[in-house]
Amino acid sequence: MGQNHVEYQEGVTTRSEKKLIEPSMYKVILHNDHYTTMDFVVLVLENVFFKSPVEATQIMLNVHKRGFGVCGIYTFEVAEVKVAMVHALAEKHEFPLKCTMEKA
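Okay, so let's go over this structure.

About the criteria used
- Residues numbered from 1 in each chain as written.
- Predicted model: local features only at pLDDT ≥ 70, side-chain atom pairs only at ≥ 80, totals over all residues.
- Heavy atoms only, no water.
- Pairing = 2+ DSSP bridges.
- Helix = DSSP H or I, 4+ residues; strand = E, 2+ residues; numbered from the N terminus.
- Axes fitted to C-alpha atoms, helices over the stretch in contact; angles between N-to-C directions.
- Contact = heavy atoms within 4.5 Å.
- Phe/Tyr/Trp six-rings, centres within 6.5 Å; stacked < 30°, edge-to-face > 60°.
- Buried < 20%, exposed > 50% of the residue type's maximum accessible area, 1.4 Å probe, protein only.
- Salt bridge = Lys/Arg side-chain N within 4 Å of Asp/Glu carboxyl O.

Within a sheet, adjacent strands bond to each other through the backbone by hydrogen bonds, running parallel or antiparallel. Spatially, three strands are ordered β2-β1-β3 in an open sheet, and the strand pairing comes out antiparallel. At either margin of the open sheet sits one strand with a lone partner, and together these are β2 (68-75) and β3 (98-103). Sheet twist, expressed as the mean angle between neighbouring strand axes with direction ignored, is 25°. Across seven bridges, the pairing between strand β1 (residues 25-31) and β2 is antiparallel. Residue pairing for β2: Ile29 is matched across the bridge by Val70. Packing of helix α2 (residues 53-66) onto the sheet brings it into contact with β1 and β2, and relative to β2 it is tilted by some 125°. On top of the sheet, helix α3 (residues 76-92) reaches β1, β2 and β3; it is set at about 170° to β3, its chief contact.

Printed below as a string of structure tokens:
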């Protein structure tokens, strides 16, 4: 019987430490106006931001009472799309609902 001969070769492994950079996060904010209905704001929060009816109502009340309400915190690209979706939906329903984003 023959012998199994296995050769091991030592190699040099270099490990470079890379820091993962967290993406910047952005708050998406709805702003109060005197024309957009509370029901429409709740609809937007439920359909664009996937909020429960209770959470959507709470955010809508913040918009109504404080002048603004934070809908969520997202990466730049997601926040940008959410703002565009709100504006498109508001325009379709002829409301002047303003939605902005700012660095969290």
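Attention now goes to the packing of aromatic side chains. By the definition in use, this model includes three aromatic pairs. A centroid spacing of 5.3 Å and a plane angle of 75° characterise the contact between Tyr26 and Phe76, whose relative ring orientation is edge-to-face. Pair noted here: Tyr26 is in strand β1 and Phe76 is in helix α3, with a separation of 50 residues, a long-range link. On the basis of relative accessibility, which here comes to 17%, the residue Tyr26 falls in the buried class. You can call Phe76 partly exposed: its relative accessible area is 34%. When the centroid spacing of 6.3 Å and the interplanar angle of 35° are considered together, the rings of Phe49 and Tyr74 count as tilted. You can see Phe49 sitting in the loop between α1 (38-47) and α2 and its partner Tyr74 sitting in strand β2, a full 25 residues away along the chain. Taken as a pair, Phe49 and Tyr74 share a single burial class, namely buried.

What follows covers the pattern of salt bridges. A complete count under the given rule lists two salt bridges for this structure. The shortest N-O distance in the salt bridge between Lys27 and Glu102 comes to 3.4 Å. Remark: Glu102 occurs in strand β3 and Lys27 occurs in strand β1; sequence separation between them is 75 residues. Note that Glu55 and Lys51 form a salt bridge whose closest N and O atoms lie 3.7 Å from each other. Owing to a relative accessible area of 39%, Glu55 belongs among the partly exposed residues under this scheme. Lys51 gets classed as buried once you look at its relative accessible area, which sits at 17%.

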